[in-house]
Amino acid sequence: MQFTFDPLRYAYPSQRRVIYGKRGMVCTSQPLAAQAGLDILKKGGNAVDAAIATAACMTVLEPTSNGLGSDAFALVWIQADARLYGLNGSGPAPMALDARKVKDMGFGEVPQRGWIPVTVPGAPSAWAELSKRFGRLSLKETLEPAACYAEEGYPVAPVTAASWAAAPKIFEKGMKSCPQLFSHWFDLFAPEGKTPEPGQIWRAPEIARTLREIADTNGESFYRGEIAERIDAFSRETEGYLTKEDLAAYRAEWVEPVSVSYKGYRVWEIPPNGHGIVALMALNILKNDSFAARDLTDTFHRQIEAMKLAFADGQRYVTDPRFMTVSVEQLLSEEYAARRRALIGPRALTPEPGDPSCGGTVYLCTADREGNMVSFIQSNYRGFGSGVVVPGTGISLNDRGNNFTLNEEMENCLAPGKKPYHTIIPGFLTRDGRAVGPFGVMGGFMQPQGHLQVVTNTVDFHMNPQEALDAPRWQWTGGKEIHVERNFPYSITEELARMGHKMVVDVSPVSFGRGQIIWRNDEGVLVGATEPRADGTVAVW
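Described in the following lines is the structure provided in the data block. What you see is a predicted model, and the numbers here were worked out from it, not measured in a lab.

1. Thoughts on the pattern of salt bridges
Step number 1: One pass over the structure, following the stated rule, counts 28 salt bridges.
Step number 2: When the shortest N-O distance is used, the salt bridge between Lys140 and Asp216 registers 3.5 Å. Placement of Lys140 in helix α5 (residues 139–152) and of Asp216 in helix α8 (residues 205–216) is noted, with a sequence separation of 76 residues between them.
Step number 3: Of the residues examined, Lys140 reaches a relative accessible area of 51% and is grouped as exposed.
Step number 4: Residue Asp232 is joined to Arg236 by a salt bridge in which the shortest nitrogen-to-oxygen separation is 2.7 Å. Residue Asp232 and its partner Arg236 are both found in helix α10 (residues 226–237); the two are separated by 4 residues, about one turn of the helix.
Step number 5: When its relative accessible area of 4% is taken as the criterion, Asp232 is described as buried.
Step number 6: The exposure class of Arg236 is exposed, given its relative accessible area of 56%.
Step number 7: Three or more residues are tied together by salt bridges with common partners; here these are Glu129, Lys132, Glu220, Arg224 and Arg251.

What follows is the structure in structure tokens.
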């Protein structure tokens with residue numbers, strides 16, 4: 001039977017319900033990846049194994065957002081220990097690159113494409129570290145589903161296809177100036193300039209080979225073996241900066257998660273260099289507010305103002321923690337939150353950083369029958385990242401270094417071996433020392449804003465997980481400018497404008513993030529929800 005339709009057109013509104021399960025659950029923006037993670041649980045793997053399998057599949061199934069050259073972060077709840085572990089899988093700048101060198105090339109800021117913004121990829125090391133410390137199955141078993149999708153092919157999902165179709169135009173300029181570098185992106189992702197249509201089969205056997213090499217060596221080949229040699233050779237051939245020495249020096253880092261108390265719950269994030277602390281600072285400012293209802297102008301005004309103040313501090317102070325001039329404790333202190341809270345008035349403000357020393361990403365979450373839960377996120381940053389693809393490997397490298405500044409007086413200035421301010425943040429919620437569950441909203445600088453909105457929707461307004469994701473979102477983009485989704489209440493948009501906010505209604509939901517949630521209720525039942533703005537699903541057992 002032949003038929004045609006537009007997979008991105010929805011003539012009638014659809015409604016998603018929360019999904020319940022008992023033995024295991026996987027939520028992410030690609031149904032095939034979620035099913036792969038669930039299959040791992042059914043094979044005897046735990047939530048960590050399922051997270052690794054799902055994350056690896058996402059590099060194949062949603063290459064518009066992440067790849068084998070991505071960074072990654074994870075929050076892992078281990079029920080037997082009754083505690084949360086953090087893993088920072090972000091990489092540093094190459095040792096051959098610094099701010100002065102980039103400025104001498106004529107750049108006023110770190111570019112988005114090419115070799116300059118590429119940092120050491122952390123995702124393969126993150127998978128290996130998670131597997132080694134908490135996994136039950138081998139890395140070979142957990143990466144094989146992704147290798148099979150790459151080798152055998154899969155039908156591309158609609159939202160992914162739409163993002164993919166926009167990418168060639170982004171890299172055309174690079175192709176004209178440096179075809180030796182950017183031609184490999186086109187060879188892999190847009191041969192003859194064509195990207196896959198929704199439902200069209202896409203294959204990448206070179207990604208399958210690389211995944212199996214990573215699996216066979218427990219990640220060592222990527223950093224200290226054959227894959228590292230290939231990355232190094234291509235970098236030297238095309239005048240890049242990433243070397244095999246940079247790769248060999250890297251390993252994903254176990255870190256202590258940071259948190260704040262918010263109205264009876266603890267909200268957890270990865271510490272800097274990630275900007276999860278921005279969400280925590282904003283929640284700290286709002287913790288004494290008693291919101292009468294969500295859809296009130298004052299509710300949104302105070303949330304927006306708190307987020308603006310927190311972002312001003314995050315963008316001023318957050319970087320590689322070795323280079324920060326203020327501490328996490330100072331930024332999250334009650335005294336500092338009180339000082340920032342006092343700045344919120346009846347009119348929109350233009351945020352400035354305070355002085356606390358006074359006084360295009362993919363997200364997934366998993367859970368298993370034993371009570372273990374994982375909040376995991378990985379990203380190439382802007383869409384396909386730098387546009388640099390290592391030939392014959394399928395490795396598309398990130399452009400995470402674009403978040404560095406070239407201002408040598410700032411903490412986040414580009415320097416050799418330094419990690420940049422990082423936007424990808426997994427979240428986690430606990431109460432009375434017990435896991436409630438993982439949550440996340442991917443999407444660049446929207447992420448802390450999405451975290452705040454999900455937490456307040458859940459804690460303040462008692463929404464179920466699907467409602468918390470479905471609710472219309474707002475987004476601060478700088479100064480007094482606030483973007484809202486087109487289904488955001490019109491009357492509140494008008495009232496916020498009268499309070500001094502510069503309001504913009506966006507037609508597309510793309511910039512407002514894509515989230516997933518798994519909560520565990522008091523009976524041990526898993527309650528899952530997936531983002532209506534993406535292609536995702538909740539796979540449940």
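2. Some thoughts on helix α2 (residues 47–61)
Step number 1: The end-to-end C-alpha distance of α2 is 20 Å, a good match for the 21 Å that 15 residues give at a rise of 1.5 Å each.
Step number 2: For α2, the buried fraction is high: 15 of the 15 residues fall into the buried class.
Step number 3: One side-chain oxygen of the residue at the start of α2 lies 3.1 Å from the amide nitrogen of Val48, identifying that residue as Asn46.

3. Quick notes on the pairing of strand β16 (residues 474–478)
Step number 1: With 4 bridges connecting them, β16 and strand β17 (residues 481–485) associate as antiparallel partners. Note on β17: the bridge partner recorded for Trp474 is Val484.

4. Details of unusual backbone geometry
Step number 1: Of note in the backbone geometry, Asp432 takes a positive phi value of approximately 55° without being a glycine.
Step number 2: By the secondary structure assignment, Asp432 is in the loop between β14 (427–431) and β15 (434–442).
Step number 3: Residue Asp432 is classed as exposed on the basis of its relative accessible area of 67%.
Step number 4: With phi around 55°, His462 is a residue other than glycine that occupies positive phi space.
Step number 5: Within the fold, His462 resides in the loop between α16 (447–459) and α17 (465–470).
Step number 6: Judged by its relative accessible area of 66%, His462 falls in the exposed class.

5. A short note on the sheet that holds strand β18 (residues 502–506)
Step number 1: Spatial strand order, β16-β17-β18: 3 strands in an open sheet with mixed pairing. The sheet is open, and its two edges are formed by β16 and β18, each paired on a single side. This sheet shows a mean twist of 30° between the axes of neighbouring strands, independent of strand direction.

6. Considering the pairing of β17
Step number 1: Within β17, 4 of the 5 residues are buried, leaving the element largely enclosed by the surrounding structure.
Step number 2: Between β16 and β17, which pair antiparallel one after the other, the connecting turn spans 2 residues, and Gly479 there sits at a positive phi close to 60°.
Step number 3: Taken together, the 5 bridges between β17 and β18 define a ladder with parallel strand orientation. Counterpart to Val484 in the pairing with β18 is Val505.
Step number 4: Crossover handedness for the path β17 to helix α18 (residues 490–498) to β18: right-handed.

Conventions we followed
Residues numbered from 1 in each chain as written. Predicted model: local features only at pLDDT ≥ 70, side-chain atom pairs only at ≥ 80, totals over all residues. Heavy atoms only, no water. Salt bridge = Lys/Arg side-chain N within 4 Å of Asp/Glu carboxyl O. Helix = DSSP H or I, 4+ residues; strand = E, 2+ residues; numbered from the N terminus. Buried < 20%, exposed > 50% of the residue type's maximum accessible area, 1.4 Å probe, protein only. Expected span 1.5 Å × (residues − 1). Polar contact = N/O pair within 3.5 Å; in protein donor to acceptor, adjacent residues only side chain to side chain. Pairing = 2+ DSSP bridges. Axes fitted to C-alpha atoms, helices over the stretch in contact; angles between N-to-C directions. Right-handed = clockwise from strand over helix to strand, strands pointing away.

It is worth stressing that arrangement in space is one thing and function is another; only the former is reported here.
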